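Here is how the chains run, residue by residue.
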Amino acid sequence: MGAHALGRDLDAVAGSARAELVRVIGLSGAWDADPGWRAVFEAVPRHLFVPYYYVGAQGGYERLWGASPDPRVRERWLRGVYADAPLATRLRDGELVSSSSQPSLMARMLVELRVTDGCRVLEIGAGTGYNAALLAHRLGDGLVTTVDLEPEITESARTHLADAGYSPAVVTGDGARGVPEHAPYDRIIATCALPSVPPAWLAQCSPGARILAPLATGLIALTVRDAEHAEGTFLDTAAYFVPLRGTGPAPADEIPHRSGDHELFRFLLTLTHGTLDPQDARDLWERELRPGRERYGVTVADGRVRAWLDDPEGPYSWPLP
């Protein structure tokens, strides 16, 4: 991809770059269980949702801007947009507050959401609007709602969606409270890390609804029984997201890192932060043969949330906030 070509025909070059990204995602196996998502990623132009983003540079961050007068900067911007990598899209006082997730992880999450025609979906964390566009392309604008606490984020997401030809509901509000005015939902997907599962979501779900959310560096998939009860297990994949705003720092940020810690042990430490002593956690992890994420689960019942290992009625269970 040359800077001269990029200056001549951005859409054509972006289309070629998008096709390569789709090929890479396909090789990862992300949508093997639901190949229908491939056509969605082929159709939705990511570059319209990320007009600029930040990359690490000496002394801080450098902004790459699609409208830069320098064609070399525009080329770097477009290459980055269509790389299978997360993008830092909004900073505040040098700290990341919003991002566009790694596309292959987005694809994996959308597949695991297990949508079918007619599903009504609530997305927690509007971000750039790209994920909402993918959902809207698959399901239709009228079945998708996305919510974010920051007016600046929802306004830019709404603009990006309109530029790409989509108009799902974009709501400014506290994602932990859901969006009851558009309920009931058949699926809820969060694109920000949670300290726990907000019980308020359950009351906005239809019986049998599926909730998929980042929790403790993993992804929890819950099946909703009714307004007070849901249960499920973690996927086996790691997942690191910007925390849900308004909930404080992610627990992982508060846990001291020890050289040589296995990332699956760090997952257990994060999941049980404040309820299990680190040495007890290490002893448990070793005794249980270093369990992977898929052996853990979460139960929401009567307004209380707890995590567990192997069996919700077994000996290893911890309350979540």
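Remember, it's a predicted structure, so these values are computed and weren't measured experimentally. (Residues numbered from 1 in each chain as written. Predicted model: local features only at pLDDT ≥ 70, side-chain atom pairs only at ≥ 80, totals over all residues. Heavy atoms only, no water.)

Participant: Tell me about the overall build of the protein chain, and please be specific about residues and values.
Facilitator: On a plain count of helices and strands, the protein chain comes out with 11 helices and 14 strands. Here the protein chain has a C-alpha radius of gyration of 20 Å; the compact-globule value for 321 residues is 20 Å, and the two agree. Oriented by its inertia axes, the alpha-carbon framework of the protein chain measures out at about 65 × 45 × 35 Å. Counting across all 321 residues of the protein chain, residues that qualify as buried make up 52%. For the protein chain, long-range pairs separated by at least 24 residues make up 56% of all intrachain contacts whose partners lie at least 6 apart in sequence. (Helix = DSSP H or I, 4+ residues; strand = E, 2+ residues; numbered from the N terminus. Rg over C-alpha atoms; globule rule 2.2 N^0.38 Å. Buried < 20%, exposed > 50% of the residue type's maximum accessible area, 1.4 Å probe, protein only. Contact = heavy atoms within 4.5 Å.)

Participant: Explain empty space enclosed by the protein residue by residue, including any values.
Facilitator: Within this structure, the stated rule accounts for 2 cavities of 30 Å³ or more. Estimates place the volume of the largest cavity at around 210 Å³. Around the largest cavity sit 20 residues that line it, and S99, S101, G125, G127 and T191 are the ones nearest its centre. When contributions to the lining of the largest cavity are tallied by element, the ones reaching two or more residues are strand 4 (95–100) and helix 6 (130–139). Counting residues per element, the lining of the largest cavity draws most heavily on strand 4, which supplies 4 residues. (1 Å grid on protein atoms, 1.4 Å probe; cavity = no way out; pocket = protein on both sides within 12 Å on 5 of 7 lines; lining within 4 Å. Points joined across faces, edges and corners; volume = space filled by probe spheres on them.)

Participant: Account for the pairing of strand 12 (residues 296–301), with residues named and values stated.
Facilitator: Among the 6 residues in strand 12, 5 count as buried, and that is most of the element. By the bridge criterion, 5 bridges tie strand 11 (residues 229–234) to strand 12 in an arrangement that is antiparallel. Its bridge partner being in strand 12, E231 is matched across the sheet by T299. Pairing between strand 12 and strand 13 (residues 304–309): 6 bridges, direction antiparallel. (Pairing = 2+ DSSP bridges.)

Participant: Now, about the packing of aromatic side chains: what can you tell me, with residues and values included?
Facilitator: One pass over the full model with this rule turns up 7 aromatic pairs. With centroids separated by 5.6 Å and ring planes inclined at 45°, the aromatic side chains of F265 and W285 adopt a geometry described as tilted. Residue F265 is located in helix 10 (residues 263–271), and its partner W285 is located in helix 11 (residues 278–287); the two are separated by 20 residues in the primary sequence. Judged by relative accessible area, which is 2%, W285 ranks as buried. Between F267 and Y296 the ring centres are 5.2 Å apart and the planes differ by 70°, which places this aromatic pair in the edge-to-face class. With F267 in helix 10 and Y296 in strand 12, this residue pair connects regions lying 29 residues apart in the sequence. (Phe/Tyr/Trp six-rings, centres within 6.5 Å; stacked < 30°, edge-to-face > 60°.)

Participant: A description of the pairing of strand 8 (residues 185–190) should follow, citing residues and the corresponding values.
Facilitator: With respect to burial, strand 8 is a largely interior element, 5 of its 6 residues being buried. Here strand 8 pairs with strand 9 (residues 205–215) via 4 bridges, running parallel. Looking across to strand 9, one finds that I189 is bridged to L212.

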